[in-house]
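Examining the three-dimensional arrangement
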Amino acid sequence: MHPADTAKPDTIPLPVAIQRYFEVSLYLLVLTGFGTLASTGGLDLPTVVLVGMALLFRGYLLATRREFNIPERWTNYLTLAYVAFYLVDYFLLSGSFLTSAVHLVLFGMVVRLFSAQRERDHYLLAILSFVMVLAAAVLTVDSIFLFSLAAFMVIAVVTFVLMEMRHASWRASIIAKESGDQRAYRRMALSLAGASPLLVTLIMAGAFVIFFILPRVSSRYLSAYSPTNDLSVGFSDRVQLGQIGQIQQSTYVVMHIKIDGDTSGGYDLKWRGVALGLFDGRNWSNPLEQALAVRLPDGRYSVLPARARRQLESEEPTPAAMRSIHYRVVMEPVGTNVFFLAPKPATLEGDYRLVAVDRAGAVYDLDLGHPVGRYEANSNIASPTVEELRNASGSPPASVSLNYLQLPALDARIPRVAEQITGSATSDYEKAVQIEHYLMLKYGYTLELPRVRPADPLANFLFQRKQGHCEYFASAMAVMLRTLHIPSRVVNGFRTGEFNDLTSQYVVRASNAHSWVEAYFPGYGWVSFDPTPPGPPQAHGGWNRVMLYADAMASFWREWVIDYDAAHQNTLAQETARGSRRLLESLREKARQQYAAMLNAASQAQRRVMQSPTRWSVAGVLFTVMLVVLVNLRRLTTLIRSRGLRKHPERSPRFAASICARRYRCLPAITNRPVLVALPQTHAGCRISMKRSGRGTDKEKLTWLLRPRIGGDHLGDYVRGLFGHYPNPMLPGLFAIVGLQMGSGSN
């Protein structure tokens, strides 16, 4: 008979309750897997909408306890139809094996969700859910995946426990009696909900240890498959006016920068990407050739600007001052091969086989197998003084004049404005400063783009709109400097972002994308100018602090999980070894200090003893005697009191009676009832509870003690009866007679 047939009408049978919980948990497992995959942003909108609607419909059926199953024959037809669609999807629609494979997994999941009837269908749904989470791990590098994975694991533990309970309950050969408690299965559900997080915590802890200890056999596998986005605009060798304004409207994190020794965010640097020297009136481009960077013996690359062929004079003179900084950069996957570096970079270090440099100082990654991710560099951020730049004289090198004085056909008003602004300047540096201040004070900054792009965007910015993005300000200043025969170029990169004091890192976002100007001064090289007015200050409230915590977690996830490789593992092992050595050395130092203190105290004590041996000997003897007395104080006290009570027991009757009881160990006869013997007032004055003992007793002393109160005819029999040596049937009468004698005697 089925268990459900023997259950009470108002009680939910155990197999039915387990089946309901299992269906809900399996649905939540599939829903969590799909939610994790959809949160990566790697799915197209139609797929998200269709699969989402199917999951919502399945949830509605579970909530209303309705049944809707696709017949098995139709599932076969649908599967065959999708095989043909898969080929179309792979070759025509998606064009990617990963995307078409994800679509295939989602189709199988939806079909099985509405046709699951056998045990293997449930196993298949659980496996497909795990495959969706695995695909999400490939499609994302965001730390939010960790929380999705934890939620998935909690539901997975509940699902597989219920799956095993369901399997055991439906196939049990012995039917257990159903519980009459209608809340029994609710408590079972609460127990599962409480035990699952604990199990997942233990699993995550074990996985954490295995992940960091297991030797790495590949380098940043997940980051190689992470998706890129369109943030690379503005960093190529061809940029249109207005594009950086689009980038600045995004808060996407581009990179994290950590400068050695900087724990308070004291640097305000610009991170150079590419320098653009060719302007056609609408676009800036970089036509310079690239040369392979020289690899130094220690594995680093020398990234000093490449020199042109047959170039006799360097564009970058040797700086007179040095202010070197070392920094580490962790780039997000933004789809660019440009390294963003501080001004005047000298060396670059990273896992890259080919690195190239152009004459403008831009550094490129030519290693297609290792996209720009994590690297370290050194830069000299020292700059000449104002007086040195004012006194700069001479002619720039021919290569500088050839590449950075070119101008297209311009609006005639632009050169006239440049002349008017710099009319009072006496040096090229003062001209550059005056143009910078003029643009900064007379024009406004805005992120609003014009709906219709004008034919001459630069003239429109200077004489009509008088508002624009940073690339408009940089282009206007560079063009004005060129009209004054001062070599100039536009540089695209990033400003230093917000400093996170939790990680001592600068958080650089897409909104920090920036363009500025570099002007050339003979003898000192390229000097930066920024004519863009400062934007509105950022609000630093409680929510901003929460975001810093989230960024710290994301930074750790990116560097120590996504980019975790053999180098990171080696670093972790070295830090662990150094920490262990420091701890061991500190413990040894403490032990040495304690040992030295003990030796010092012992030597001082020895000197005191040697100076007055008699006094210390007497003190030692007295101390030993006091210690012996203190240890045996209780015994001595008892001995003294017992000796005193032998002569005068009436002074402490209770204590005297206890001494007698311990001494004689008397017991009642076989009646197992205590016999209370009233001792003479002259001896103890109290009543003693006598207990049985298998050992012998001093009968003569007991006889002498009881002789004054018990007649001679009964005394011997009474003593023998106390020790079990008297006939059993006669004991009650004997004890009654003795009791009367004791009572009359005591009165």
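**Remarks on the sheet that holds strand E13 (residues 363-365)**
The strand order across the open sheet formed by four strands is E6-E12-E13-E10, and the pairing between neighbours is antiparallel. With partners counted over all chains shown, the strands left at the sheet margins are strand E6 (290-292) and strand E10 (338-339), one partner each. Here three bridges tie E6 to strand E12 (residues 355-358), and the two strands are oriented antiparallel to one another. Each residue of the ladder has a partner; that of alanine 291, found in E12, is valine 357.

**Quick word on the pattern of salt bridges**
Pairing between side chains of opposite charge can happen when the charged atoms of each approach one another. Counted under the stated rule, the structure contains 14 salt bridges. Residue glutamate 119 pairs with arginine 166 through a salt bridge whose shortest N-O separation is 3.0 Å. Here the residue glutamate 119 occupies a position in helix H6 (residues 119-139), and arginine 166 occupies one in helix H7 (residues 144-170), the gap between them amounting to 47 residues. Summarising the burial analysis for this pair, glutamate 119 and arginine 166 share the class buried. For arginine 300, the salt bridge goes to aspartate 298, with nearest N and O atoms at 2.8 Å. Taken together, the salt bridges that share partners define one network made up of Asp260, Arg328 and Glu376.

**Focus on the environment of alanine 137**
Within the secondary structure layout, alanine 137 lies in helix H6. Residue classification places alanine 137 among the buried positions, given a relative accessible area of 15%. Distance from alanine 137 to threonine 36, taken between C-alpha atoms, is 8.9 Å for residues 101 residues apart in sequence.

**Remarks on the nonpolar core**
Residues Leu37, Leu55, Leu106, Met109 and Met132 are the most contacted members of the largest nonpolar core, which totals 41 residues. When residues of this core are traced back to their parent elements, those giving at least two are helix H2 (14-38), helix H3 (45-64), helix H5 (97-113), H6, H7, helix H8 (184-213) and helix H17 (542-562). Discounting chain neighbours no more than four positions away, the residues touching methionine 132 are Val30, Gly33, Phe34, Leu37, Val105, Leu106 and Met109. The next biggest cluster of nonpolar side chains, apart from the first, holds 39 residues, and it includes Ala356, Leu484, Ile486 and Phe521.

**Considering the sheet that holds strand E11 (residues 345-349)**
The antiparallel open sheet is built from eight strands, whose spatial order is E7-E8-E11-E14-E9-E2-E19-E18. Lying at the two open borders of the sheet, with one neighbouring strand each, are strand E7 (294-295) and strand E18 (498-500). With seven bridges connecting them, strand E9 (residues 324-331) and strand E14 (residues 374-380) associate as antiparallel partners. By the bridge assignment, valine 330 is partnered in E14 with arginine 374.

**Structural notes on the packing of aromatic side chains**
Considering all chains together, one arrives at 22 aromatic pairs under this definition. With 5.0 Å between their ring centres and 90 degrees between their planes, phenylalanine 339 and tyrosine 375 make a pair best called edge-to-face. Highlighted residues: phenylalanine 339 in strand E10 and tyrosine 375 in strand E14, separated in sequence by 36 residues. Here phenylalanine 339 and tyrosine 375 have matching classes, each one buried. Through a chain of ring-to-ring contacts, the aromatic side chains of Tyr438, Tyr443, Phe461, Tyr472 and Phe473 assemble into a single cluster. Sitting over the ring of tyrosine 404, arginine 489 keeps its end group 5.4 Å from the ring centre.

So, how was this worked out
Residues numbered from 1 in each chain as written. Predicted model: local features only at pLDDT ≥ 70, side-chain atom pairs only at ≥ 80, totals over all residues. Heavy atoms only, no water. Pairing = 2+ DSSP bridges. Helix = DSSP H or I, 4+ residues; strand = E, 2+ residues; numbered from the N terminus. Salt bridge = Lys/Arg side-chain N within 4 Å of Asp/Glu carboxyl O. Buried < 20%, exposed > 50% of the residue type's maximum accessible area, 1.4 Å probe, protein only. Core = buried A, V, L, I, M, F, W, Y, C linked by side-chain atoms within 4.5 Å. Contact = heavy atoms within 4.5 Å. Phe/Tyr/Trp six-rings, centres within 6.5 Å; stacked < 30°, edge-to-face > 60°. Lys NZ or Arg CZ within 6 Å of the ring centre and 35° of its normal.

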